[in-house]
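Listed below are the residues making up each chain.
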Amino acid sequence: IQWETLKSYEDILFQFHEGIARISINRPHKHNAFRPQTVTEMIDAMHICREDVRIQVIILTGEGGKAFCSGGDQSVRGHGGYVGEDQVPRLNVLDLQKMIRSIPKAVIASVAGWAIGGGHVLHVICDLTIAAENARFGQTGPMVGSFDGGFGASYLARIVGQKKAREIWFLCDQYDASEALDMGLVNKVVPLEKLEEETVKWCKKIQDKSPLAIRMLKSSFNAELDGQAGIQELAGNATLLYYLSDEAKEGFNSFLEKRKPDFDKFPKFP
Ligand code: 2NE
């Protein structure tokens, strides 16, 4: 695939090809662990993915074939978070998680090698995960003095069930790709050399579908789990659809034309 660079960053690659955006963590020397700057760059790229109407599907991945992401960079962990050049401790990966969850486009994790710790949570939050045969999954928090009790625990439990999620967190074991497939943690496992091809194939299948239907489905899946934030997302999409209707247009046209709105002419449904 001839990926075209959309924007250059220090810690990530951000590329585009035929409606697909590819965000790839580019710190293979650290198994693609993220520092605050990595996450800031990913957030910026996700903003672009949300706003750019050419982008229909997003792939999240890591460079090097040995790791998707190994979580927070422990070498910059300080007092209260991960510390960047400004010396401020941050847990900004939580903001990135919310963006992956709420962007009204499918996000596919393409996992080669390690998806560990906060890196594992990132793939969990993605809508779909395609794994290479060398992928390995797990949480390390309780070993390294951390945990993710948000999506990383509750949404994981929705995916693999309560018992398995507690096992994953309490034991900090690692699971290979076929174990991950068996527990419903990934959608498909392919040989490493086929990973990108298969991921793009899944993107293209989604791109052939109705974007509004995909958008509504994503927010519907989220709404059940995300409380008021989930309902707000789904309701925002309902407002978008309503704005497209002649009935809604009659409302604002009547205001602009300083007349009483005439809603009688629109169809009523049982
Ligand atoms: C991933 C794992 C199991 C791989 O082991 P192995 O033996 O294949 O590789 P190695 O030698 O450990 O790693 C290769 C290089 O990457 C660095 C290592 O230090 C090593 O560097 P050198 O010694 O060659 O210079 N590296 C790997 N992961 C790193 C990391 N996270 N931070 C900094 N450097 C890292 C093994 O590497 C491993 O267990 N890694 C640590 C996984 C981990 O505990 N991640 C943090 C979890 S907490 C978190 O992510 C988090 C959260 O819980 C809540 C909010 C935000 C973040």
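About the cut-offs
Residues numbered from 1 in each chain as written. Predicted model: local features only at pLDDT ≥ 70, side-chain atom pairs only at ≥ 80, totals over all residues. Heavy atoms only, no water. UniProt positions renumbered as here; feature names shortened; annotations may be inferred. Helix = DSSP H or I, 4+ residues; strand = E, 2+ residues; numbered from the N terminus. Rg over C-alpha atoms; globule rule 2.2 N^0.38 Å. Buried < 20%, exposed > 50% of the residue type's maximum accessible area, 1.4 Å probe, protein only. Lys, Arg positive; Asp, Glu negative; His and termini not counted. Charge placed at Lys NZ, Arg CZ, Asp CG, Glu CD. Near = heavy atom within 4 Å. Polar contact = N/O pair within 3.5 Å; in protein donor to acceptor, adjacent residues only side chain to side chain. Areas by Shrake-Rupley, 256 points an atom, 1.4 Å probe, with all protein chains shown as cover. Nonpolar A, V, L, I, M, F, W, Y, C, P; charged D, E, K, R; others polar.

Going by an unreviewed UniProt entry, the protein chain carries the name 1,4-dihydroxy-2-naphthoyl-CoA synthase and comes from Ravibacter arvi. Quoted verbatim from the Sequence similarities (unreviewed entry) field of the UniProt record, the comment on the protein chain reads "Belongs to the enoyl-CoA hydratase/isomerase family. MenB subfamily."

A. Structural detail: the overall build of the protein chain. Within the protein chain, the secondary structure is distributed over 11 helices and 14 strands. Relative to the compact-globule value of 18 Å for 270 residues, the protein chain shows a C-alpha radius of gyration of 21 Å, a close match. When the backbone C-alpha atoms are referred to their principal axes, the protein chain occupies close to 65 × 45 × 40 Å. Within the span of the protein chain, comprising 270 residues, buried residues form 45% of the whole. The distance from the centre of the 32 positive side-chain charges to the centre of the 35 negative ones in the protein chain is 3 Å.

B. Local environment of the site of the ligand. Lining the immediate surroundings of the ligand are 22 residues, of which Ser70, Gly72, Gly118, Thr140 and Ser146 lie closest. Within the contact set of the ligand, an oxygen atom lies 3.1 Å away from a side-chain nitrogen or oxygen of His31. For the ligand, an oxygen atom lies 3.4 Å from a polar atom in the side chain of Trp114. Bound to the protein, the ligand loses 63% of the 1,000 Å² it would expose on its own. In terms of residue class, the shell around the ligand is built from 9 nonpolar, 11 polar and 2 charged.

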